[in-house]
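Overview (structure and organization)
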Amino acid sequence: MKFIALHSRGGNYLVVASNVAWLRSAENGQTQIGIVGGQPLLVAGTMEEIAAQLVAKE
């Protein structure tokens with residue numbers, strides 16, 4: 001199980017990289033991340049930046 005550190009304006013998350021189901025662009029340079037079996041997370045960074053972090057962890 002590989003974790004990825006994601007930062008948001010409300011706090012930081014450690015997310016299991018393999019549990020990310022989808023990415024969606026949000027306002028103000030943020031991205032929504034769909035988590036398998038959970039609520040979406042709103043994190044700082046573009047979809048491309050988040051996707052690069054996910055790929056680097058695999």
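Higher on the page you've got the structure.
Residues numbered from 1 in each chain as written. Predicted model: local features only at pLDDT ≥ 70, side-chain atom pairs only at ≥ 80, totals over all residues. Heavy atoms only, no water.

1. Side note on the overall build of the protein chain
- Each helix and strand in the protein chain was counted, giving one helix and five strands.
- Starting at the N terminus and ending at the C terminus, the protein chain contains elements arranged as β-β-β-β-β-α.
- Against the compact-globule benchmark of 10 Å for 58 residues, the protein chain has a radius of gyration of 10 Å, which places it among compact chains.
- The C-alpha extent of the protein chain, read off along each of the three principal axes, is 30 × 25 × 20 Å.
- Buried residues in the protein chain amount to 29% of all 58 residues.
- Expressed as a percentage of contacts within the protein chain between residues at least 6 apart in sequence, the contacts between residues at least 24 apart total 29%.
- Once the 4 positive and 4 negative side-chain charges of the protein chain are each reduced to a mean point, those two points are 7 Å apart. (Helix = DSSP H or I, 4+ residues; strand = E, 2+ residues; numbered from the N terminus. Rg over C-alpha atoms; globule rule 2.2 N^0.38 Å. Buried < 20%, exposed > 50% of the residue type's maximum accessible area, 1.4 Å probe, protein only. Contact = heavy atoms within 4.5 Å. Lys, Arg positive; Asp, Glu negative; His and termini not counted. Charge placed at Lys NZ, Arg CZ, Asp CG, Glu CD.)

2. Quick notes on a nonpolar patch on the surface
- Residues Met 1, Phe 3 and Leu 14 make up a contiguous nonpolar surface patch of about 410 Å² in total accessible area.
- Within the secondary structure, Leu 14 is located in strand β2 (residues 11-16).
- A relative accessible area of 63% means that Leu 14 is categorised as exposed. (Patch = residues over 30% accessible without salt bridge, like charges linked within 9 Å, V, L, I, M, F, W, Y side chains within 5 Å. Areas by Shrake-Rupley, 256 points an atom, 1.4 Å probe, with all protein chains shown as cover. Salt bridge = Lys/Arg side-chain N within 4 Å of Asp/Glu carboxyl O.)

3. Points about the sheet that holds strand β5 (residues 41-44)
- In spatial order, the strands read β3-β4-β5; together these three strands make up an open sheet with antiparallel pairing. Of all strands in the sheet, those bounded by a partner on one side alone are β3 (20-25) and β5. This sheet shows a mean twist of 30° between the axes of neighbouring strands, independent of strand direction.
- Alignment of β3 against strand β4 (residues 30-35), held across five bridges, turns out to be antiparallel. Among the inter-strand pairings, Arg 24 is bridged to a residue of β4, identified as Gln 32. (Pairing = 2+ DSSP bridges. Axes fitted to C-alpha atoms, helices over the stretch in contact; angles between N-to-C directions.)

4. Section: unusual backbone geometry
- Positive phi values are uncommon outside glycine, yet Asn 28 reaches one of about 60°.
- Considering the arrangement of structural elements, one finds Asn 28 in the loop between β3 and β4.

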